[in-house]
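Per-entry structural report
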Amino acid sequence: MRKYLLLALAIVVADQAVKTLVKQNMYLGQSIPVIDGLLYIHFTENPGAAFGVTFSRLFGVGEQAGKLALSLFSFVLLGFILHFLR
């Protein structure tokens, strides 16, 4: 179980690191080839969750509060999944 938790944590950290690097070093709409002609990093933003659903629209709160709610929901869901796997 511990190795799965460490793997999940490594994936989340790598994902957040790449997102931070992209946000700080690229402009919106820019693409950088990773494997030319096959794989690109393309900077785009999604204001919400899957299919653009935002918590701010669902619950009538501001954008920052909606992002915080989405983050908290993600952590709660991750905890549930890890508990279920255990």
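All of these numbers come straight from a predicted model, not from anything done at the bench.

What counts as what
Residues numbered from 1 in each chain as written. Predicted model: local features only at pLDDT ≥ 70, side-chain atom pairs only at ≥ 80, totals over all residues. Heavy atoms only, no water. Patch = residues over 30% accessible without salt bridge, like charges linked within 9 Å, V, L, I, M, F, W, Y side chains within 5 Å. Areas by Shrake-Rupley, 256 points an atom, 1.4 Å probe, with all protein chains shown as cover. Salt bridge = Lys/Arg side-chain N within 4 Å of Asp/Glu carboxyl O. Buried < 20%, exposed > 50% of the residue type's maximum accessible area, 1.4 Å probe, protein only. Pairing = 2+ DSSP bridges. Helix = DSSP H or I, 4+ residues; strand = E, 2+ residues; numbered from the N terminus.

What follows deals with a nonpolar patch on the surface. A contiguous nonpolar patch, built from Met1, Phe73, Leu77, Phe80, Ile81, Phe84 and Leu85 and spanning about 760 Å² of accessible area, is present on the exposed surface. With a relative accessible area of 66%, Phe84 lands in the exposed category.

Bridging between strand 1 (residues 31–35) and strand 2 (residues 39–42) involves four bridges; their strand directions are antiparallel. Across the sheet, Pro33 pairs through a bridge with Tyr40, a residue of strand 2. Where strand 1 hands over to strand 2, the hairpin turn is made up of three residues, of which Gly37 adopts a positive phi near 80°.

On inspection of all chains with the given rule, the structure shows two salt bridges. Lys19 is the salt-bridge partner of Asp15, the closest N and O atoms lying 3.0 Å from each other. Remark: Lys19 and Asp15 occur in helix 1 (residues 2–25); sequence separation between them is four residues, near one turn of the helix. The exposure class of Lys19 is partly exposed, given its relative accessible area of 45%.

Any functional reading would require information beyond the geometric quantities listed.
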